[in-house]
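Each chain, written out:
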Amino acid sequence: MALKTAKEYIDSLRQLKTRVYMFGEKIDNWVDHPMIRPSINCVAMTYALAQEPEYEDLMTATSSLTGHKINRFTHLHQSTEDLIKKVKMQRLLGQKTASCFQRCVGMDAFNAVFSSTYEIDQAHGTHYHENFKKFLTYVQDNDLTVDGAMTDPKGDRSKAPHQQADPDMYVHVVERRPDGIVVCGAKCHQTGSVNSHWHIFMPTISMGPEDKDWAVSFACPTDAEGLYMIYGRQSCDTRKMEQGCHIDVGNAKFGGQEALVVLDHVFIPNEYIFLNGETEFAGMIVERFAGYHRQSYGGCKVGVGDVVIGAAALAAEYNGVEKASAVKDKLIEMTHLNETLYSCGIACSCEGCPTKAGNYQIDLLLANVCKQNVTRFPYEIVRLAEDIAGGLMVTMPSQKDFESDLPVGREGETIGEICQKYFAGREGVSTEDRQRVMRFLENMCLGAAAVGYRTESMHGAGSPQAQRIMIARQGNIQGKKQLAKDIAGIKD
Ligand code: SF4
Ligand code: FE
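Residues numbered from 1 in each chain as written. Chains lettered and ligands numbered in written order. Predicted model: local features only at pLDDT ≥ 70, side-chain atom pairs only at ≥ 80, totals over all residues. Heavy atoms only, no water.

Moving on to the pairing of strand β7 (residues 180-191). The element β7 is extensively covered by neighbouring structure, given that 11 of its 12 residues are classed as buried. Across 5 bridges, the pairing between strand β6 (residues 172-177) and β7 is antiparallel. Each residue of the ladder has a partner; that of His172, found in β7, is Cys184. A loop of 2 residues connects β6 with β7, the two strands running antiparallel in sequence. (Buried < 20%, exposed > 50% of the residue type's maximum accessible area, 1.4 Å probe, protein only. Helix = DSSP H or I, 4+ residues; strand = E, 2+ residues; numbered from the N terminus. Pairing = 2+ DSSP bridges.)

Here is the structure:
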């Protein structure tokens, strides 16, 4: 089957019976809901760009399973070149949407589960790898969006899954049947879950022998019986529902999406199971998925950073200060930080290596260094953007005021005219353009888009401490001590 167009993707969502709840109500036409639609537009860009000859090399690949041309978001990386192209593709999409385009979690899950199931089968004689290949072939052939669902609610963090007072704090098997399993639990802050055709569920931590029922991975259609989602709020999200306020939204076209995904006794047929009780492999799936997603941030957040830097430069220009050396230096600093993130994304890709199953994995140490930097640099980039923009980005009246014809002045000047007069910047620049760039920066720095650019940079793909644990594990301090001993002439 051919690659889907953006329209075909959006239409395909309408065919699903996905259960979505928001503000305490069931949302029936969620595809056209003003708070959800920008996030759908964002995923749709992953389809739209794949249709453009200019981006064909980055956005598409040849399937290792079928030999067909597929969207790179469904690809198993076959080389370090593929890993590099992945990062470049993500930077491109970040530039085009200034948002989280959501489809990467599925791509990262495909690559982690593909290699892990191969090794689980080798150890246990199971058939998970064949199950997975069949599933992924279906995904590639139909150009589907799949959510990679990892993060469980976790309840009491000091306790293992089997020790939790409520066993649903981690997704688990509640019934084993000859034809499959029944699962319960939930996954928190799931990126793009509502906009996905299918989900791949994976464990979220390493597990011990007593966690057998919790060591489970499987694929499941988004509209499966018993599965539903409760949509996550974002700062200033209801601006998207106000009429005639598109400028106030900042980025009215695109946005990210997170939701709580609940599995209430969902039946999973055997053919969609990729892990079922082999507890010692839970950690492998987590580590590999996290590694790929930490690489991903060296692409997507950089692309979004490009737009933030561009907006800050525009704000400076509209304020008439673009030639000030202090402003120029801040833009240099922002660029330096952003390109450092990109360098890490590219580096961990260049240093990638094949897994036993044959697909390519990133260098885990460098991917974790990449994500560790991502927990810091976007914060500094938005700090500098706010510095350059000035307070106006958070104090400006609404779009409705700018457009109001209510007379308020002595001479009958309208609210709109007063706003136009006092919020004018440099001559030759329309006040509306200034308004637009300020609202865009507000959105990126502390509005709905800050979910994707700030807090997601901190906690997405694992919080900073998770990377530090991996850096400690991969950092080879013993080897480094030996280097020092050799040169300093220290003998054991
Ligand atoms: Fe993709 Fe970045 Fe969103 Fe993760 S945070 S899904 S890598 S765009
Ligand atoms: Fe993310």
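A few words on the coordination of the iron ion (ligand 2). Bound to the iron ion (ligand 2) on the protein side are Tyr297 (OH) and Glu456 (OE), at distances that span 2.4 to 2.5 Å. Residue Tyr297 is found in helix α8 (residues 282-319), and its partner Glu456 is found in helix α16 (residues 450-459); the two are separated by 159 residues along the sequence. You can call Tyr297 buried: its relative accessible area is 2%. Glu456 gets classed as buried once you look at its relative accessible area, which sits at 9%. (Donors = N, O, S within 2.8 Å, 3.2 Å for Na, K, Ca; no water.)

Right, let's talk about helix α5 (residues 104-124) for a bit. Counted at 1.5 Å a residue, the expected span for α5 with its 21 residues is 30 Å, and the 30 Å between its end C-alpha atoms agrees. Burial within α5 is extensive, with 17 of its 21 residues counted as buried. In the segment just after α5, Gly125 is the residue with positive phi, at about 70 degrees. (Expected span 1.5 Å × (residues − 1).)

Time to look at the site of ligand 1. Neighbouring residues of ligand 1: Cys100, Phe101, Gln102, Cys104, Thr191, His293, Ser296, Tyr297, Cys300, Lys301 and Glu456. Of all the elements, α8 adds the most residues to the shell around ligand 1, at 5 residues. Here the shell around ligand 1 is built from residues that sort into 5 nonpolar, 4 polar and 2 charged. Taken domain by domain, the shell around ligand 1 gets at least three of its residues from each of domain 1 (8-292) and domain 2 (300-475). (Near = heavy atom within 4 Å. Nonpolar A, V, L, I, M, F, W, Y, C, P; charged D, E, K, R; others polar. Domains from an automatic or database assignment.)

A few words on the nonpolar core. Note on soluble globular proteins: their nonpolar side chains tend to be buried together. Ranked by internal contacts, the top residues of the largest apolar core, which has 77 residues, are Trp30, Phe110, Phe132, Phe135, Ile200, Phe218 and Leu227. Lining this core are residues from two domains, each supplying at least three of them: domain 1 (8-292) and domain 2 (300-475). Apart from residues lying up to four places away in sequence, Leu227 is in contact with Arg19, Phe201, Cys220, Pro221, Thr222, Val261, Val262, Leu263 and Val266. Core analysis: the second largest hydrophobic core is formed by 61 residues, Val374, Phe440, Cys445 and Ala449 among them. (Core = buried A, V, L, I, M, F, W, Y, C linked by side-chain atoms within 4.5 Å. Contact = heavy atoms within 4.5 Å.)

It is worth spelling out the packing of α5 against helix α6 (residues 128-142) at this point. When two helices pack together, their arrangement is given by the angle between the helix axes and by the axis-to-axis distance. Following both chains from N to C, one finds α5 and α6 inclined at 155 degrees, their axes separated by 8 Å at the closest point. Put simply, α5 runs roughly antiparallel to α6. Regarding α5 and α6, the two cross each other, and that crossing is left-handed. Between α5, through Phe110, Val113, Phe114, Thr117, Tyr118, Ile120 and Asp121, and α6, the contact on the second element is made entirely by Tyr128, His129, Glu130, Phe132, Lys133, Phe135, Leu136 and Val139. Along the lines of polarity and charge, the residues of the contact of α5 with α6 split into 10 nonpolar, 2 polar and 3 charged. (Axes fitted to C-alpha atoms, helices over the stretch in contact; angles between N-to-C directions. Parallel < 35°, antiparallel > 145°, perpendicular 65-115°, else oblique. Left-handed = near helix turned anticlockwise from the far one by under 90°.)

Applying the stated criterion to the full structure yields 30 salt bridges. Asp28 is paired through a salt bridge with Lys26; the nearest N and O atoms lie 3.0 Å apart. A residue is classified by how much of its surface remains accessible, and Asp28, at 61% relative accessible area, is exposed. Taking the shortest distance from any N to any O, the salt bridge between Glu119 and Arg288 comes out at 3.1 Å. On the criterion of sequence distance, the pair formed by Glu119 in helix α5 and Arg288 in helix α8 is long-range, its members being 169 residues apart. Residues joined by salt bridges that share partners form a network here, namely Arg239, Asp248, Arg439 and Glu442. (Salt bridge = Lys/Arg side-chain N within 4 Å of Asp/Glu carboxyl O.)

Glancing now at the domain arrangement of the protein chain. Interfaces are often sized by the amount of accessible area the parts lose when they come together. Taken as a whole, the protein chain is organised into domain 1 (8-292) and domain 2 (300-475). Each of domain 1 and domain 2 has a C-alpha centre, and these two points are 26 Å apart. At the junction of the two partners, domain 1 supplies 44 residues and domain 2 supplies 43 residues. Summing both partners gives a buried area of about 3700 Å² for domain 1 against domain 2, and 58% of it is carried by carbon and sulfur. Together, Arg91, Ile247 and Glu287 form the three largest contributors to the area buried by domain 1 at its contact with domain 2, with a combined 20%. In this assembly, domain 1 and domain 2 are joined by 5 salt bridges. Among the salt bridges present, the one from Arg91 reaches Asp306, with a minimum N-O distance of 2.8 Å. Listed by contribution, the elements that provide at least two residues to the side of domain 1 that touches domain 2 are α4 (80-97), α5, α7 (246-249) and α8. It is α4 that contributes the most residues to the side of domain 1 that touches domain 2, 9 residues altogether. (Buried area = accessible area lost by both parts, 1.4 Å probe.)

Our focus in this paragraph is the sheet that holds strand β2 (residues 25-26). Taken together, the 6 strands give an open sheet; going across it, the order is β2-β1-β10-β11-β7-β6, and neighbouring strands pair in mixed fashion. In this open sheet, the two edge strands, each paired with only one partner strand, are β2 and β6. Both strand β1 (residues 20-22) and β2 contribute to a ladder of 2 bridges, which runs antiparallel. Considered in β2, the bridge of Met22 is made with Glu25.

Turning our eyes to something else, we now look at the sheet that holds strand β12 (residues 273-276). Whether parallel or antiparallel, the strands of a sheet pair through hydrogen bonds between backbone atoms. Taking strand neighbours across the sheet as the criterion, the 4 strands line up as β5-β8-β9-β12 in an open arrangement whose pairing is mixed. Edge positions in the sheet fall to β5 (146-149) and β12, since each has one partner strand and no second. The mean angle between the axes of side-by-side strands here comes to 20 degrees, regardless of whether they run parallel or antiparallel. As judged from the 4 bridges shared by strand β8 (residues 198-201) and strand β9 (residues 216-221), these two strands associate in the antiparallel manner.

Moving on to the packing of α8 against helix α15 (residues 431-446). Two elements in contact, α8 and α15, have axes whose closest approach is 10 Å; the angle formed by their N-to-C orientations is 140 degrees. Handedness of the crossing formed by α8 with α15: left-handed. Contacts between α8 and α15 involve Val304, Val307, Val308, Ala311, Ala312, Leu314, Ala315, Tyr318 and Asn319 from the former and Asp433, Arg434, Val437, Met438, Phe440, Leu441 and Met444 from the latter. Its residues assigned to classes, the contact of α8 with α15 shows 13 nonpolar, 1 polar and 2 charged.

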